[in-house]
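Notes for the structure review
What follows is the residue order along each chain.
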Amino acid sequence: MDADRSFALQLNGLCKQFSDRLVVDHADLRVPDRCVFGVVGPEGAGKTTLWSMSVGLLPPDEGDVRIFGVDMWAEPARAKAVLGTLPDEPTIPDHWTGRDWLTSVAMWNGLDPVKLAVRAERLLGLWDLTEAETTLVREYSTGMRKKMGLVVALLPEPRLLLLDDPFAGVDAESAELMREMLRDFVDGGGTAVLSTDTDEVAEEACDDAVAITDGRLVPVPCP
Ligand SMILES: Nc1ncnc2c1ncn2[C@@H]1O[C@H](COP(=O)(O)OP(=O)(O)OP(=O)(O)O)[C@@H](O)[C@H]1O
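Counting restarts for each chain, with residues numbered from 1 along the sequence as it is written. Since the coordinates come from a predicted model, pLDDT governs what is reported: local features require at least 70, and pairs of side-chain atoms require 80 or more to be given and counted, while whole-chain, interface and lining totals use all residues. Excluding hydrogens and water, the side-chain figures rest on all heavy atoms present in the structure.

1. Details of the overall build of the chain
- Each helix is a run of H or I in the DSSP string that is no shorter than four residues. Each strand is a run of E no shorter than two, and both are numbered from the N terminus. When its secondary structure is counted, the chain shows seven helices and 10 strands.
- What the globule rule says is 2.2 Å times the number of residues to the power 0.38, and the radius of gyration is computed from C-alpha atoms. For the chain, the C-alpha radius of gyration of 17 Å lies close to 17 Å, the compact-globule estimate for 223 residues.
- If you line up the chain on its principal axes, its C-alpha atoms span 45 × 35 × 35 Å.
- When accessible area is computed with a 1.4 Å probe and restricted to protein chains, residues below 20% of their type maximum are described as buried, those above 50% as exposed, and intermediate ones as partly exposed. Sorting the 223 residues of the chain into buried and exposed places 51% on the buried side.
- Of the contacts made within the chain by residues no fewer than 6 positions apart, 68% connect residues no fewer than 24 positions apart.
- With the model as given, the accessible surface of the chain reaches about 10800 Å², and the carbon-plus-sulfur share is 51%. Note on contacts: a residue pair is in contact if any heavy atoms of the two residues lie within 4.5 Å. Here, Shrake-Rupley sampling with a 1.4 Å probe gives the accessible areas, and only protein chains in the shown set may cover a residue.

2. A look at the sheet that holds strand 2 (residues 21-32)
- Overall, antiparallel pairing links the four strands, which are arranged 2-1-4-5 in an open sheet. Two strands bound the open sheet, and with one partner strand each, they are strand 2 and strand 5 (70-71). At least two DSSP bridges between two strands are required for those strands to pair.

3. Quick look at the sheet that holds strand 9 (residues 208-213)
- What the six strands build is an open sheet, ordered 6-7-8-3-9-10; its pairing is mixed. Edge positions in the sheet fall to strand 6 (83-86) and strand 10 (216-219), since each of these pairs with one other strand and no more. Geometrically, the sheet is characterised by an average inter-axis angle of 20° between neighbouring strands, direction not taken into account.
- Two elements, strand 6 and strand 7 (residues 160-163), share four bridges in a ladder whose sense is parallel. Within strand 7, the position partnered with T85 by the bridge is L162. Helix axes are fitted only over the stretch in contact, all axes being lines through C-alpha atoms; the angle between N-to-C directions runs from 0 to 180 degrees.

4. Here's the deal with helix 6 (residues 172-187)
- Here the expected length of a helix is defined as 1.5 Å per residue gap, with one fewer gap than residues. An ideal rise of 1.5 Å per residue puts 22 Å on 16 residues; helix 6 measures up with 22 Å between its terminal C-alpha atoms.
- Turning to helix 6, its buried residues number three or more, namely S174, A175, L177, M178, M181, L182, F185 and V186.
- Residues of helix 6 that are buried sit in contact with strand 3 (36-40), helix 5 (142-154), strand 7 and strand 8 (191-196).
- A positive backbone phi angle near 105° is found at G189, which sits one or two residues after helix 6.

5. Structural notes on the environment of E75
- Position of E75 among the secondary structure elements: in the loop between strand 5 and helix 2 (76-80).
- Sequence separation of E75 and E203 is 128 residues, and the distance between their C-alpha atoms is 34 Å.

6. Section: the packing of helix 3 (residues 98-108) against helix 5
- At a minimum axis distance of 10 Å, the contact between helix 3 and helix 5 shows a crossing angle of 30°. With respect to helix 5, the element helix 3 is oriented roughly parallel. In terms of crossing hand, the pair formed by helix 3 and helix 5 is right-handed. Contacts from G98, W101, L102 and V105 of helix 3 reach helix 5 at R145, M148, G149, V151 and V152. Relative orientations are named as follows: roughly parallel for angles under 35 degrees, roughly antiparallel for angles over 145 degrees, roughly perpendicular for angles from 65 to 115 degrees, and oblique for any other angle. Crossing handedness is read from the near helix: turned anticlockwise from the far helix by less than a right angle, it gives a left-handed crossing, and turned clockwise, a right-handed one.

7. Comments concerning the site of the ligand
- Close contacts around the ligand come from F18, R21, V23, P42, E43, G44, A45, G46, K47, T48 and T49, and that covers them all.
- Residue G46 places a main-chain N or O atom 2.9 Å away from an oxygen atom belonging to the ligand.
- Within 3.5 Å is the distance limit for a polar contact, defined as a pair of N or O atoms, with the added protein rule that one can donate a hydrogen and the other accept it, and that residues adjacent in sequence qualify only through two side-chain atoms. Taking K47, its side chain carries an N or O atom lying 2.8 Å from an oxygen atom of the ligand.
- Here the ligand, which alone exposes 640 Å², has 58% of that area covered by the protein.
- Top element by residues in the shell around the ligand is helix 1 (residues 47-54). It accounts for three residues.
- Broken down by class, the residue content of the shell around the ligand amounts to four nonpolar, four polar and three charged. Any residue with a heavy atom positioned within 4 Å of a molecule or strand is treated as near that molecule or strand. Amino acids are sorted into nonpolar (Ala, Val, Leu, Ile, Met, Phe, Trp, Tyr, Cys and Pro), charged (Asp, Glu, Lys and Arg) and polar (every other residue, Gly among them).

8. Quick word on the pairing of strand 2
- Both strand 1 (residues 7-18) and strand 2 contribute to a ladder of eight bridges, which runs antiparallel. Bridge pairing in strand 2 places L14 opposite A27.

9. Regarding the nonpolar core
- To form a nonpolar core, buried Ala, Val, Leu, Ile, Met, Phe, Trp, Tyr and Cys residues must be joined to one another through side-chain atoms within 4.5 Å. If you look at the biggest cluster of nonpolar residues, it comprises 40 residues, and the most contacted ones within it are L161 and L182.
- Of all the secondary-structure elements, those providing two or more residues to this core are helix 3, helix 4 (113-126), helix 5, strand 7, helix 6, strand 8 and helix 7 (199-205).
- Residues contacting L182, with those up to four places away along its chain left out, are V36, L150, L161, L163, F167, A192 and L194.
- If you look at the next biggest cluster of nonpolar residues, it comprises 30 residues, including V24, L29, M53 and L162.

Structural data, given as structure tokens:
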């Protein structure tokens, strides 16, 4: 049965242990609809582990993940249908251009080619990334890679974006553009949850945030 659909993301008692370390320790979280929400923690705090369980890549030892009330691990196809995701370091084959990256994600999400072309053109034009479409991804700067990653995540018209460390290594100008992209997404009714190891990112990009400390999620003062 579905849980409360009013939360974009809900984590209930989520746990993950590697060897003898409980990396995520009974994490509870309620992220409301229509905001940018941050998960802040230093390197090795468990942010990627939490993200991997939330997007359906890494099974939790205990607890559950709900996307608008749908249980990620019981009904993954339904839960993933409204998600846009961006890993910390996406693995892109050497010979891929931005267009190849966009096309592969579109096919993965079952977007038809006409819809893909229209949506990609709109997003790339809107965010001044047209040139990236024909450039090899391996030649991108970090900022370009992260901006394009955000476009790729937005392509399937998700209701919820789950982004692992999207601002890592990004120059100030690109970061500003990415904050605009996220704000535009929220203004259009979306919700974004991002992880970061930097308080400033949470302060500048997020409406609300939690810290991950010893595997637990704890509130942080309003950014
Ligand atoms: N598959 C795995 N097997 C064993 N240990 C793991 C595995 N994945 C992560 N860990 C360990 O879990 C801890 C948390 O890692 P995680 O990548 O989730 O942290 P993080 O907060 O995302 O760090 P960073 O900011 O460096 O990406 C680390 O000590 C890491 O070495």
